[in-house]
Number of protein chains: 2
Amino acid sequence: MVDVHTDLATAQSLAERLLVTAGVPSPAAAQQAELLLIAEAKGMPSHGLLRLPRLLRRIANGTASPTNTGKHEWLSPCYLSVDGEQGLGPVVAVRALEAVVQAAERHGVAACSITNNNHLGMLGYYAGRMAERGLVCLGMTTSEALVHPWGGTEAMLGTNPLALGVPARPHPLVLDMATSQISMGKVHDHALRGVPLEPGWALDAAGNPTVDPVAAKSGSIAPFGGAKGYGLGLGLEAMVTFLTGAAYGTAVGGTLDDDRPSNKGDLFILLSGARYSATDYLDQVRGSRRADPATPVAVPGDRARARYQQSVANGIDIADDLWRELTAFQGVQPEAALAE
Amino acid sequence: MVDVHTDLATAQSLAERLLVTAGVPSPAAAQQAELLLIAEAKGMPSHGLLRLPRLLRRIANGTASPTNTGKHEWLSPCYLSVDGEQGLGPVVAVRALEAVVQAAERHGVAACSITNNNHLGMLGYYAGRMAERGLVCLGMTTSEALVHPWGGTEAMLGTNPLALGVPARPHPLVLDMATSQISMGKVHDHALRGVPLEPGWALDAAGNPTVDPVAAKSGSIAPFGGAKGYGLGLGLEAMVTFLTGAAYGTAVGGTLDDDRPSNKGDLFILLSGARYSATDYLDQVRGSRRADPATPVAVPGDRARARYQQSVANGIDIADDLWRELTAFQGVQPEAALAE
């Protein structure tokens, strides 16, 4: 398969036009498109443009609202509950987080639970955005059951990522990790590119090990780090379920299909009040003795940031099939796209 | 090495007497001893009586206060900052958490940061205790630099455990995991018992792989789950440092030595407001297809709970050396013990 090479601005403009054509107001389309392109630029294609055709189909069939931005209900001065009204994930989440910033600054801690919201995309984006504002941010979101328990062989957990942002100079620490060995987005990306999985990453539907990404799609993927990663993923899903009332386990839908309303949950916790800078510590870690003399020790976010800067300078590669699918979408309604 | 078999009550009573002899008021001694014995009973000897001789030496030399319980300062109605005044870890932490419960119930979220506090012991205890009260609890604590970064070869991070409690019936989910492949307590326990480590667990002081627990003590242990576990451990340490002002990295002391004041940080976040029970989900996971037909899928906390019940019924085994050390402590100050 040949990749299409493009610059970020062109790809983002394409994504934005497709969203606007689908009925998304311009600022929201820019927000959603930005999330997808930052993921591409950071080398996370699983959370990039790959997600756009599905999102456009979801808008077309009414499972994603192009205009809703979430209904806010403050349960206390530092706890915001948001009904996402099936809006676009990043649009609902960014609006919710911006509303919570002041509460976190005033009270030292604040939380925000979100239900009925579409896929957030790259969770680290939110943690990084908040950390740039001087806040510690823990972000969690659940997803369709794709991961087998440690000691189990069927998909019972979402890939349940955890994001953590901690302010530092010149850049914050930004952790963004699925609690699975890999994300299902990566399985899809491998399937799209025809690249086999690594052994130990996945089981097929019968519960047997497989390296075939297509077989893994109907099977399950492994938790990362054995029993601990499983425990973390399950704990996060139980926590989000308990606090948001979102669906859990095999009842979760709407993040990998076209036609089910999204019923997973999102949870953010913001903390303020710097007592000490983390900058010196992170620099000490970066400067510590290396396993490979040619590769400095990295802090979470460093490599994605370097990759992002490369992408800004040199452009990105998009899978040919995906690019054709996107431009075909565009072709369907050329007048609408131009009219905008 | 021969183990000494004892029942829980006898061992807890010994620990309590030793603490009282050292000047700890009776209720605080019971609290500290309970933490150590629950760890023994749950099969976590690394956080059990092994810690007691050091704690007694710390009390004797003034690096642990037998009587201080922490100075509380509310920074907002939902954020408690505690100066632990070098009190006993569990005594300071339980008092702090109990003070925060009501704030979490009223506001939906509350946090508590603690500095200058001795070793907390088994972090899951606190998460389980809060979850039994109906609260979600995230607990974090840092520790001396023992873990090498992913891609690095020297100890730059604590074992930085994360605990998570989520209410459920009849028992909460209680996750309690070091972000290292193993805890340094386990290294010490292996050293005490003369049992080699598993390959991949540790590096020696020069940065080379080792299975010798004694060599590992002066080297470093691996993060769990590769880059992700490293990222999580570093993120937690940076977060705790930022919010508590505690020391970080190689500057942390007082949890594995006798003579340095404890300068690590502890952080708890409590959330309330059940929207949905996690019980059914956890039961579905427990009932899901097993990798080994003889072993049901477990939820974090299940195995420790079963082990605890066994220990209550059948007693526990304590390493002979340790038991002799403890009874020798008892022998050293018989008059003081009687005077108390």
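For clarity, every value in this text was computed on a predicted model and none was experimentally measured. (Residues numbered from 1 in each chain as written. Chains lettered and ligands numbered in written order. Predicted model: local features only at pLDDT ≥ 70, side-chain atom pairs only at ≥ 80, totals over all residues. Heavy atoms only, no water.)

1. Digging into the overall build of chain A
Step number 1: Along its length, chain A carries twelve helices and twelve strands.
Step number 2: Relative to the compact-globule value of 20 Å for 340 residues, chain A shows a C-alpha radius of gyration of 20 Å, a close match.
Step number 3: Judged by the C-alpha coordinates and their principal axes, chain A covers about 55 × 45 × 45 Å.
Step number 4: Relative to its full complement of 340 residues, chain A shows a buried share of 60%.
Step number 5: In chain A, the proportion of contacts linking residues at least 24 apart, taken out of those at least 6 apart, comes to 67%.
Step number 6: Summed over all atoms, the accessible surface of chain A reaches about 12,300 Å², with 52% contributed by carbon and sulfur. (Helix = DSSP H or I, 4+ residues; strand = E, 2+ residues; numbered from the N terminus. Rg over C-alpha atoms; globule rule 2.2 N^0.38 Å. Buried < 20%, exposed > 50% of the residue type's maximum accessible area, 1.4 Å probe, protein only. Contact = heavy atoms within 4.5 Å. Areas by Shrake-Rupley, 256 points an atom, 1.4 Å probe, with all protein chains shown as cover.)

2. With respect to the sheet that holds strand β10 (residues 220-221) of chain B
Residues and elements named next belong to chain B.
Step number 1: Taken in spatial order, the three strands of this open sheet run β9-β8-β10, and their pairing is antiparallel. Pairing within the sheet leaves two strands with one partner each, and these edge strands are β9 (209-210) and β10.
Step number 2: Pairing analysis gives two bridges linking strand β8 (residues 202-203) to β10, with the strands arranged antiparallel. Residue Ala-202 lies in a different strand from β10, and its bridge partner there is Ile-221. (Pairing = 2+ DSSP bridges.)

3. Digging into the relation of the copies chain A and chain B
Step number 1: For the pair chain A and chain B, the relating rotation is 180°, the translation along its axis is 0.0 Å, and the fit reaches an RMSD of 0.0 Å. In short, the pair behaves as if placed about a two-fold rotation axis. Among all residues of chain A, the minimum C-alpha distance to the rotation axis is found for Gly-225 of chain A, at 1.9 Å.
Step number 2: A high fraction, 100%, of the interface residues of chain A reappear at the interface in chain B, so the copies pair face to face through one surface. (Least-squares fit on C-alpha atoms with pLDDT ≥ 70 in both.)

4. Looking at the packing of aromatic side chains
Step number 1: What the rule picks out here adds up to nine aromatic pairs over all chains.
Step number 2: Centre to centre, the rings of Tyr-248 of chain A and Tyr-281 of chain B are 5.0 Å apart; their planes meet at 35°, and the pair counts as tilted. Taken together, the residues Tyr-248 of chain A in the loop between α8 (226-244) and β11 (265-271) and Tyr-281 of chain B in helix α9 (residues 279-286) connect one chain to another.
Step number 3: Note on Tyr-281 of chain B: relative accessible area 0%, which makes it buried. (Phe/Tyr/Trp six-rings, centres within 6.5 Å; stacked < 30°, edge-to-face > 60°.)

5. Examining the sheet that holds strand β2 (residues 71-76) of chain A
Residues and elements named next belong to chain A.
Step number 1: Strand order in this open sheet of seven strands is β2-β3-β4-β11-β5-β6-β7, and the pairing throughout is mixed. In this open sheet, the two edge strands, each paired with only one partner strand, are β2 and β7 (173-177). The average undirected angle you get between the axes of adjacent strands in this sheet is 10°.
Step number 2: For strand β3 (residues 79-83) and strand β4 (residues 109-115), the ladder comprises five bridges, and the chain directions are parallel. If you follow Ser-81 over to β4, its bridge partner there is Ser-113.
Step number 3: Here α8 sits on the sheet and contacts β3, β4, β5 (136-141), β6 (162-166), β7 and β11; the angle it forms with β11, its principal contact strand, is near 95°. (Axes fitted to C-alpha atoms, helices over the stretch in contact; angles between N-to-C directions.)

6. Details of the nonpolar core
Step number 1: Core analysis: the largest hydrophobic core is formed by 150 residues, its most contacted members being Met-239 and Ile-269 of chain A together with Met-239 of chain B.
Step number 2: Once you skip the residues sitting within four places of it in the chain, Met-239 of chain B turns out to touch Val-136, Leu-138, Leu-164, Val-166 and Leu-271 of chain A together with Met-140, Leu-267 and Ile-269 of chain B.
Step number 3: Ranked by size, the runner-up nonpolar core spans 30 residues in total, among them Leu-14, Leu-18, Leu-56 and Ile-59 of chain A. (Core = buried A, V, L, I, M, F, W, Y, C linked by side-chain atoms within 4.5 Å.)

7. Notes on the interface of chain A and chain B
Step number 1: In this complex, chain A contributes 80 residues to the contact, which on the side of chain B involves 80 residues.
Step number 2: Taken together, the two surfaces of chain A and chain B that pack against each other cover about 6,300 Å², and 69% of this comes from carbon and sulfur.
Step number 3: The three residues of chain A that bury the most area against chain B are Phe-242, Tyr-281 and Arg-289 of chain A, which together make up 14% of that side's buried surface.
Step number 4: The tally of links between chain A and chain B comes to zero salt bridges.
Step number 5: Counting the contacts that link chain A with chain B gives 26 residue pairs in polar contact (both at pLDDT 80 or more). (Buried area = accessible area lost by both parts, 1.4 Å probe. Salt bridge = Lys/Arg side-chain N within 4 Å of Asp/Glu carboxyl O. Polar contact = N/O pair within 3.5 Å; in protein donor to acceptor, adjacent residues only side chain to side chain.)

8. Some words on the domain arrangement of chain A
All names here are of chain A.
Step number 1: Its domain assignment divides chain A into domain 1 (1-61 + 305-340) and domain 2 (69-180 + 223-275).
Step number 2: Summarising the inter-unit geometry, the C-alpha centres of domain 1 and domain 2 are found 23 Å apart.
Step number 3: Between domain 1 and domain 2, the contact holds 19 residues from the first and 26 residues from the second.
Step number 4: Interface area, domain 1 with domain 2, both sides summed: about 1,700 Å², of which 58% is carbon and sulfur.
Step number 5: When the buried area of domain 1 at its contact with domain 2 is split by residue, Leu-35, Arg-58 and Arg-305 rank highest and sum to 35% of it.
Step number 6: Between the two partners, domain 1 and domain 2, sit two salt bridges.
Step number 7: Arg-58 is the partner of Asp-257 in a salt bridge, and the nearest nitrogen-oxygen pair spans 3.4 Å.
Step number 8: If you look at where domain 1 meets domain 2, you find ten residue pairs in polar contact (both at pLDDT 80 or more).
Step number 9: Mapped onto the side of domain 1 that touches domain 2, the elements with two or more residues apiece are α2 (26-41) and α3 (52-61). (Domains from an automatic or database assignment.)

9. Considerations on the pattern of salt bridges
All names here are of chain A.
Step number 1: Scanning all chains against the criterion turns up 24 salt bridges over all chains.
Step number 2: Here Asp-3 makes a salt bridge to Arg-193, at a shortest N to O gap of 3.3 Å. Of this pair, Asp-3 sits in strand β1 (residues 3-6) while Arg-193 is found in helix α6 (residues 184-193), placing the two residues 190 residues apart along the sequence.
Step number 3: With a relative accessible area of 32%, Asp-3 lands in the partly exposed category.
Step number 4: Its relative accessible area of 29% is what places Arg-193 among the partly exposed residues.
Step number 5: Arg-324 is paired through a salt bridge with Asp-321; the nearest N and O atoms lie 3.3 Å apart. Taken together, the residues span about one helical turn, with Arg-324 and Asp-321 both in helix α11 (residues 320-332) at a distance of three residues.
Step number 6: With relative accessibility at 37%, the residue Asp-321 sits in the partly exposed group.
Step number 7: One salt-bridge network, held together by shared partners, links Asp-283, Arg-286, Asp-302 and Arg-305.

10. Overview of the environment of Trp-323 of chain B
Residue and element names in this part refer to chain B.
Step number 1: Relative to the helices and strands, Trp-323 is located in helix α11 (residues 320-332).
Step number 2: Taking the relative accessible area as the measure of exposure, Trp-323 reaches 16% and is therefore buried.
Step number 3: Put simply, Trp-323 and Ser-288 are 35 residues apart on the chain and 42 Å apart in space, counted from C-alpha to C-alpha.
Step number 4: Contacts of Trp-323, omitting those with residues within four sequence positions, involve Val-4, Thr-6, Ala-11, Leu-14 and Ile-318.

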